[in-house]
Amino acid sequence: MAQAESVAIPKRFPLVLQPENRNDTTQKDAKIINAFVEKGTSQGEHAVFSRPGLEAEGTEKTGTGLGTYNWLGDIYTIFGTHLYKNGTEVTADMGSGPIDTAGGVYWFSAILGSAPTLQFGNGAGSYLTDGTTYADIAGANFPTPPVKGWGYLDGTTYVMDALGVVYGSATLNDAADWSDVLNAIEAQIEPDAGVALSKQLVYIVAFKEWSTEIFYDAANATGSPLGPVQGAKLNFGCANQDSVQELDGMLFWVATNRTASPQVVKMDNMKLTVISTKPVDRLLGEADLSDVASFVIKYEGHKFYGITIKDSNITLVYDDAEDKWAQWTDPAGDYFPIVSSTYSVATGPILQHETNGKLYTFNAQVFTDDGEVLTADLYTPNFDGGVRRRKHLNMLEFIGDQVTGSVLQVRCNDSDYDPTKWTNFRQVNMGLKKPILSQCGTFIRRAYHIRHQSATPMRLMALEMQLDVGTL
């Protein structure tokens with residue numbers, strides 16, 4: 001009886017993609033654009049999803065986007081010199097002028113008490129509102145100007161100046177009273193400048209140039225209620241105040257110190273972790289970090305932190321749930337123009353555009369950005385099958401969801417990402433039961449560029465290669 005011939009099992013190329021740039025640009029090596037990676041729960045196989053699209057929400061305003069925040073179920077936004085509550089302008093109280101735009105995007109905080117108020121400031125202007133009118137914040141103990149950020153702890157609101165002095169409000173749950181000039185404490189373990197102020201758990205977090213100091217409520221009878229947490233000083237400062245974001249109690253920011261190039265870090269339960277990879281560090285190391293924007297999005301089990309480096313024209317997005325990085329863009333391929341984010345129970349995540357006066361919802365059922373079809377690009381690493389011999393690729397099968405109308409555009413490069421050596425795009429119909437490309441040629445080492453530009457969802461798990469390996 002003749003023995004059955006064995007059948008070669010196709011080589012499966014997983015698409016666990018994230019930036020792998022070898023230098024400070026993204027022109028070569030693997031990357032993932034307008035997509036994210038998710039690990040399955042049953043078989044543990046990773047898949048690449050195209051990111052949700054942006055759908056305009058509410059009426060278009062005039063002016064630069066300068067912040068959005070959910071307070072007591074109402075959505076507050078700042079466009080240009082105007083503050084809005086659920087799309088309706090909040091008027092200035094007597095003595096207050098238009099919202100200051102010089103400091104850029106605003107940070108928000110709220111207080112409790114019999115008359116709850118919302119505080120917002122951007123390092124140039126500082127205001128409070130009850131939802132009907134807004135007024136300037138001033139007082140003998142209020143710094144002019146403070147750095148960005150607020151810390152509300154046990155009824156006291158805290159701010160910090162550029163010298164690292166943390167000031168507290170005089171009356172509990174009253175952000176208008178800054179009359180107690182003794183309510184101040186200096187972050188002085190290191191002699192570096194103050195950059196931003198925030199809060200984690202029951203601690204006030206003071207970000208400085210090269211270090212970060214932590215304070216707790218020591219319930220001092222006079223002076224500042226705060227006391228320094230001994231041994232809690234971090235040897236990482238903040239490269240730019242607009243990089244700081246909070247999500248589910250975690251703080252994310254671009255950090256630096258006197259001995260290291262910028263890195264992205266996360267502080268969770270007072271423990272700091274560097275989350276940027278070496279390729280991301282290379283992008284940050286040569287970047288101009290004087291003009292950045294950031295945002296956070298919690299969506300369908302994912303926790304995204306996005307940092308935009310405007311001078312480099314790039315937005316890098318970290319998924320804390322998967323510990324993976326991606327790059328997001330606008331429809332023109334420029335950086336993702338979102339400068340602030342919040343959440344609404346009715347609509348989910350709400351994102352504020354930098355310049356066009358619009359708010360957007362973030363929705364996986366929307367496959368466009370404000371009407372323009374979303375483009376997701378996947379660049380694979382160079383593949384050689386573990387051997388530098390010539391390989392003939394008879395067939396390339398795309399393992400992913402079958403979706404009618406979903407088309408992949410696929411091209412390859414056998415010359416180490418040389419921009420002049422990409423082949424023409426070929427189309428793959430993902431609506432078919434077996435989406436394939438045949439007669440894919442011969443190569444020694446190859447990278448693929450896969451583009452999804454259809455008004456449909458995309459979930460792609462792997463490329464399956466039917467390879468014949470040569471002897472030379």
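Given the structure is predicted, the values throughout are model-derived calculations rather than measurements.

Cut-offs applied
- Residues numbered from 1 in each chain as written.
- Predicted model: local features only at pLDDT ≥ 70, side-chain atom pairs only at ≥ 80, totals over all residues.
- Heavy atoms only, no water.
- Helix = DSSP H or I, 4+ residues; strand = E, 2+ residues; numbered from the N terminus.
- Buried < 20%, exposed > 50% of the residue type's maximum accessible area, 1.4 Å probe, protein only.
- Contact = heavy atoms within 4.5 Å.
- Areas by Shrake-Rupley, 256 points an atom, 1.4 Å probe, with all protein chains shown as cover.
- Lys, Arg positive; Asp, Glu negative; His and termini not counted.
- Charge placed at Lys NZ, Arg CZ, Asp CG, Glu CD.
- Pairing = 2+ DSSP bridges.
- Axes fitted to C-alpha atoms, helices over the stretch in contact; angles between N-to-C directions.
- 1 Å grid on protein atoms, 1.4 Å probe; cavity = no way out; pocket = protein on both sides within 12 Å on 5 of 7 lines; lining within 4 Å.
- Points joined across faces, edges and corners; volume = space filled by probe spheres on them.
- Nonpolar A, V, L, I, M, F, W, Y, C, P; charged D, E, K, R; others polar.
- Salt bridge = Lys/Arg side-chain N within 4 Å of Asp/Glu carboxyl O.
- Polar contact = N/O pair within 3.5 Å; in protein donor to acceptor, adjacent residues only side chain to side chain.

Description of the overall build of the protein
Helix and strand counts for the protein stand at one helix and 43 strands. Out of the 472 residues belonging to the protein, those deemed buried represent 53%. Across the protein, every contact between residues at least 6 apart in sequence was considered, and the portion connecting residues at least 24 apart equals 58%. As presented, the protein carries roughly 20900 Å² of accessible surface, and 49% of it is formed by carbon and sulfur atoms. If the 36 positive side-chain charges of the protein are averaged to one point and the 55 negative ones to another, these points end up 13 Å apart.

Focus on the sheet that holds strand β9 (residues 88–92)
With mixed pairing, the eight strands of this open sheet are ordered in space as β6-β7-β8-β9-β13-β12-β11-β10. A strand with exactly one partner marks an edge of an open sheet, and here the two such strands are β6 (65–71) and β10 (107–111). Ignoring which end each strand starts from, the neighbouring axes of this sheet average 30 degrees apart. As defined by bridge partners, β9 adjoins strand β13 (residues 133–136) across two bridges and the pair is classed as parallel.

Here's the deal with empty space enclosed by the protein
Taken as a whole and judged by the stated rule, the model has three cavities of 30 Å³ or more. Volume-wise, the largest cavity comes out at about 50 Å³. The element contributing the most residues to the lining of the largest cavity is strand β30 (residues 324–328), with four residues. A per-class count over the lining of the largest cavity returns ten nonpolar, no polar and two charged.

Some details on the pattern of salt bridges
The full count for this structure, using the stated rule, is 22 salt bridges. Of the charged contacts in the structure, one is a salt bridge between D29 and R22, with a shortest N-O distance of 2.7 Å. Judged by relative accessible area, R22 falls into the partly exposed class, the value being 38%. One salt-bridge network, in which partners are shared between bridges, spans R22, D29, D416 and R445.

Some details on the sheet that holds strand β14 (residues 151–153)
Overall, antiparallel pairing links the four strands, which are arranged β14-β15-β16-β17 in an open sheet. Edge positions in the open sheet fall to β14 and β17 (184–186), since each of these has one partner strand only. Adjacent strand axes in the sheet meet at a mean angle of 25 degrees, parallel and antiparallel pairs treated alike. In this sheet, strand β16 (residues 165–168) lies alongside strand β15 (residues 156–160) in antiparallel orientation, the contact comprising three bridges. Opposite Y158, over in β16, you have G168 as the bridge partner.

Here's the deal with the layout of surface pockets
Of the voids in this model, the largest pocket is the one considered here, and its volume is about 1200 Å³. Elements with a contribution of two residues or more to the lining of the largest pocket: β6, β10, β14, β18 (194–200), β23 (245–247), β27 (292–299), β31 (338–344) and β32 (348–353). Examining the composition of the lining of the largest pocket, we find that six residues originate from one element, β27, more than from any other. The residue inventory of the lining of the largest pocket, partitioned by class, reads 22 nonpolar, 18 polar and nine charged. If you add up the space inside the second largest pocket, you get close to 470 Å³. Taken together, 26 residues form the lining of the second largest pocket, with T26, N313, Q327, T329 and G333 sitting closest to its centre. Secondary structure elements with two or more residues in the lining of the second largest pocket: β2 (31–33) and β36 (376–379).

Examining the side chain of N34
Its location among the elements puts N34 in the loop between β2 and β3 (35–39). A residue is classified by how much of its surface remains accessible, and N34, at 2% relative accessible area, is buried. Within polar-contact distance, the side chain of N34 engages the backbone nitrogen of T329 at 2.8 Å. With residues up to four places along the chain from it excluded, the contact list for N34 reads S50, R51, Q327, W328, T329, L374, T375 and A376.

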